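So the chains spell out like this:
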Amino acid sequence: MGAGTNENTNSLLRDWFPKGESLDDVSDSEVQEACDSLNRRPRKRLKWKCPWEVYHCQSLHLL
């Protein structure tokens, strides 16, 4: 994963966990929701498959 990908992912995580806010009050279910959302988001570098599809070698047929 390149530096640009890492920075992009950090930016996407800010949708759930704003910069400067404490993570002490974040529940496990909120973390899981963020992970699931990111892992089901299609990526250009994965030929528009999502990481979940690539890892599990399955198609989600989201459209």
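Residues numbered from 1 in each chain as written. Predicted model: local features only at pLDDT ≥ 70, side-chain atom pairs only at ≥ 80, totals over all residues. Heavy atoms only, no water.

Here we look at the confidence of the model for the protein
Detailed conclusions should not be drawn from predicted coordinates in areas where pLDDT is low.
Then comes step 1: Scored by pLDDT, the protein comes out at a mean of 85, with 86% of its residues at no less than 70.
Then comes step 2: The spread of mean pLDDT over the elements of the protein runs between helix H1 (residues 3-13), the lowest at 82, and helix H2 (residues 28-39), the highest at 92. (pLDDT = per-residue confidence, 0-100. Helix = DSSP H or I, 4+ residues; strand = E, 2+ residues; numbered from the N terminus.)

Some thoughts on the environment of lysine 49
Then comes step 1: Checked against the element boundaries, lysine 49 lands in the loop between H2 and helix H3 (51-56).
Then comes step 2: By relative accessible area, which is 46% here, lysine 49 ends up partly exposed.
Then comes step 3: Between the alpha carbons of lysine 49 and asparagine 39 there is a distance of 10.0 Å; along the sequence they are 10 residues apart.
Then comes step 4: For lysine 49, the contacting residues outside a window of four places in its chain are Arg41, Pro42, Arg43 and Val54. (Buried < 20%, exposed > 50% of the residue type's maximum accessible area, 1.4 Å probe, protein only. Contact = heavy atoms within 4.5 Å.)

Things to note about the side chain of glutamate 53
Then comes step 1: Mapped onto the fold, glutamate 53 is located in helix H3.
Then comes step 2: For glutamate 53, which is buried and forms no salt bridge, the nearest opposite charge comes from lysine 49, at a distance of 6.8 Å.
Then comes step 3: Among the polar contacts listed, one links the side chain of glutamate 53 to the backbone nitrogen of cysteine 50, at a separation of 2.7 Å. (Lys, Arg positive; Asp, Glu negative; His and termini not counted. Salt bridge = Lys/Arg side-chain N within 4 Å of Asp/Glu carboxyl O. Polar contact = N/O pair within 3.5 Å; in protein donor to acceptor, adjacent residues only side chain to side chain.)

Overview of the environment of tryptophan 16
Then comes step 1: Of note, tryptophan 16 is situated in the loop between H1 and H2.
Then comes step 2: When the C-alpha atoms of tryptophan 16 and alanine 34 are compared, they prove to be 6.7 Å apart, with 18 residues separating the residues in sequence.
Then comes step 3: Those residues in contact with tryptophan 16 that sit more than four places away from it in its chain are Glu33, Ala34, Ser37 and Leu38.

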